[in-house]
Amino acid sequence: MCAGLSLLFRNAAAEPAAAKLELHVVKGFQQEYSLSVPALRDNDLVMIDIGAFARALRFVHKRQAGHLTVERDQDGKRWFCHFRDRNNFVRFESPGENGSAERVIQMASPPRLIGESMYLPVTDAVRIFSLWIDRQITYDRRKASIEAFLWSAPPVSDDSRLGILSPEDRSIGAGIVKSFSGPTRLNALEVDELANGVIIRIRATGSPAVASFIKPDKSGMAYLTFQQAAVDLSEFSRTFTMGLIREIKALPLGNGAVQLSLAFNTGMFTIKSTRYDWDSRSNSYTISALTNVDVSEVYRQEKEKRIRQELLQDQQKWKFDTIVLDAGHGGKDPGAIGPAGTQEKTVVLNIVRELGGLIQKEWPDVKVVYTRSDDTFIPLKDRGKIANRHDGKLFVSVHCNAAKNRSAKGAEVYILG
Ligand SMILES: [Zn+2]
């Protein structure tokens, strides 16, 4: 009569059904492909074949006993990602200065070896691969599809404004020359602070101004002077807090000339080069300044920060903070009945109340949730729902069995993990 604990396993007996997930991979400009990856579906839970997923992303993988290793080559070095059957921890192994370095990431659920393949819930798989290769990979549950964005330069995603100043940003306006006429007016100032520098754009209307740029000196001051231009002084006076550029100020010099002074933060950054261009397509004046910041180092730090945040979230998620106590039976269902008429439902309710009190006393930080606190009947499936709703980390179902055999004694303990 004791089925309480098996509730924790949804459809434990039912076989998961074979399924397929569409994978769309963008590797670079006009380089993309789509294919499908084998998966298993068990109600809402979709598990992807990790080996097939790795292969679809063009990574080599090896499986040995209960261990699956995915391998990645980069700059002549090899990176590894190790999964173990029924182990919640995935290991990233990267080549370091002094031997290899390791990082361990906790997953919500462990991979499982089913037949010849190792399966992992697709949400975990996507997160782990995304972290490992530092690229954006997302799973769309509704479309049953995965998007992998594997550009050689990490994309600027919503959660990170980090970008890189690239040669294309620095050589603008080549080719097309449009003609602009009328008095020059400087309309808008746009500043892009990037991981390895800054791009300052001044949008203008009217004919191109005669302008001269004086590169930053040791103290970080640079000047862009227009011989003849109108300007909104307030739009062109700004200060910045963190990056390479500290302050931009516009100053009328008389006779229609305007000077923009640019204060760079040379105290914190070393400027490698600066460049001034006029973009003939958009009629804008652009100054780009490149620092000697090691961009890969910036990305590495950003990635570590993300990993730390993920770990912290995992820790929160797995924090042992809620225990669900389930008194078996109840209401119309008395459970086992003793020789003197004692009913199981009453005994277990008393035990659960006592146990709950003890837990509260010993571990005041742990929340105790009861599936029932009085003599009511609660269907089995609702007990599981209560536990899940409260995000219970441990579910204790209490029953008191009776047996016809008078020599039977002791306790039955079932543990499902
Ligand atoms: Zn029972």
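You'll find the structure just up there.
Criteria and cut-off values
- Residues numbered from 1 in each chain as written.
- Predicted model: local features only at pLDDT ≥ 70, side-chain atom pairs only at ≥ 80, totals over all residues.
- Heavy atoms only, no water.
- Helix = DSSP H or I, 4+ residues; strand = E, 2+ residues; numbered from the N terminus.
- Buried < 20%, exposed > 50% of the residue type's maximum accessible area, 1.4 Å probe, protein only.
- Areas by Shrake-Rupley, 256 points an atom, 1.4 Å probe, with all protein chains shown as cover.
- Pairing = 2+ DSSP bridges.
- Axes fitted to C-alpha atoms, helices over the stretch in contact; angles between N-to-C directions.
- Contact = heavy atoms within 4.5 Å.
- Core = buried A, V, L, I, M, F, W, Y, C linked by side-chain atoms within 4.5 Å.
- Donors = N, O, S within 2.8 Å, 3.2 Å for Na, K, Ca; no water.
- Parallel < 35°, antiparallel > 145°, perpendicular 65-115°, else oblique.
- Left-handed = near helix turned anticlockwise from the far one by under 90°.
- Nonpolar A, V, L, I, M, F, W, Y, C, P; charged D, E, K, R; others polar.
- Phe/Tyr/Trp six-rings, centres within 6.5 Å; stacked < 30°, edge-to-face > 60°.

**Q** Break down the overall build of the protein for me, with residues and values.
**A** For the protein, the helix and strand inventory stands at 6 helices and 25 strands. The buried share of the protein, reckoned over its 417 residues, is 41%. A total of about 23,900 Å² of accessible surface is found on the protein, and carbon and sulfur atoms cover 51% of it.

**Q** Give me the lowdown on the sheet that holds strand 8 (residues 99-106), citing residues and values where you can.
**A** Taken together, 5 strands build an open sheet; the order of strands is 4-5-6-7-8 and the sheet is antiparallel. Each of the sheet's edge strands pairs with one partner strand only, and the pair in question is strand 4 (60-64) and strand 8. Shown here is a sheet whose adjacent strand axes are inclined to one another by a mean of 20°, direction ignored. The sheet contact formed by strand 4 and strand 5 (residues 67-74) spans 5 bridges and is antiparallel. Residue pairing for strand 5: Gln64 is matched across the bridge by His67. Each of strand 5, strand 6 (77-84), strand 7 (89-96) and strand 8 is contacted by helix 2 (residues 122-133), which is oriented at about 160° to strand 6, the strand it contacts most.

**Q** Account for the sheet that holds strand 21 (residues 271-279), naming residues and giving values.
**A** Reading across from one edge, 17-13-14-22-21 is the order of the 5 strands in this open sheet, with mixed pairing throughout. With partners counted over all chains shown, the strands left at the sheet margins are strand 17 (230-231) and strand 21, one partner each. Pairing between strand 14 (residues 197-205) and strand 22 (residues 284-291): 7 bridges, direction antiparallel. Note on strand 22: the bridge partner recorded for Gly197 is Leu290.

**Q** Break down the nonpolar core for me, citing the residues and quoting the values.
**A** Judged by nonpolar contacts, the single largest core of 42 residues is most densely connected at Phe53, Leu57, Phe83, Phe129 and Ile146. Dropping the residues within four chain positions of it, Phe83 is found in contact with Ile50, Gly66, His67, Leu68, Val70, Val90, Met107, Pro111, Met118, Leu120, Ile128 and Phe129. Ranked by size, the runner-up nonpolar core spans 28 residues in total, among them Val198, Phe240, Ile248 and Tyr285.

**Q** Please provide a residue-by-residue account of the coordination of the zinc ion, values included.
**A** For the zinc ion, the full set of protein donor atoms is His329 (NE2), Glu344 (OE) and His399 (ND1), at a range of 2.2 to 2.3 Å. Spacing between the donor residues of the zinc ion along the chain follows H-x14-E-x54-H. Pair noted here: His329 is in the loop between strand 23 (322-327) and helix 5 (344-362) and Glu344 is in helix 5, with a separation of 15 residues, a long-range link. Classification of Glu344 as buried rests on a relative accessible area of 2%.

**Q** Mind laying out the packing of helix 2 against helix 4 (residues 295-318), listing which residues take part and the relevant values?
**A** Pairs of packed helices are described in terms of their axes, by the angle between the two and the distance that separates them. Where helix 2 contacts helix 4, the axes come no closer than 10 Å and their chain directions differ by 150°. Between helix 2 and helix 4, the interaxial angle falls into the category roughly antiparallel. In this structure, helix 2 meets helix 4 at a crossing whose hand is left-handed. When helix 2 is examined against helix 4, the residues Arg127, Ser130, Leu131 and Trp132 are found in contact with a partner set consisting of Lys303, Arg306, Ile307, Glu310 and Asp314. Taken together, the residues of the contact of helix 2 with helix 4 sort by class into 3 nonpolar, 1 polar and 5 charged.

**Q** Account for the packing of aromatic side chains, with residues named and values stated.
**A** Counted under the stated rule, the structure contains 8 aromatic pairs. When the ring of Phe320 is compared with that of Trp363, the centres are 6.3 Å apart and the planes differ by 85°; the resulting orientation is edge-to-face. Placement of Phe320 in the loop between helix 4 and strand 23 and of Trp363 in the loop between helix 5 and strand 24 (367-370) is noted, with a sequence separation of 43 residues between them. Given the relative accessible area of 43%, Phe320 is considered partly exposed. Here a set of aromatic residues connected by ring pairs shows up, and it is made of Phe53, Phe59, Phe83, Phe129 and Trp132.

**Q** Tell me about the side chain of Thr371, residues and numbers included.
**A** As for its placement among the helices and strands, Thr371 is situated in the loop between strand 24 and helix 6 (380-389). For Thr371, the contacting residues outside a window of four places in its chain are Val324, Leu325, Asp326, Ala327, Ile378, Arg383, Ile386 and Phe395.

Geometric descriptors of this kind do not, in isolation, establish any biological role.
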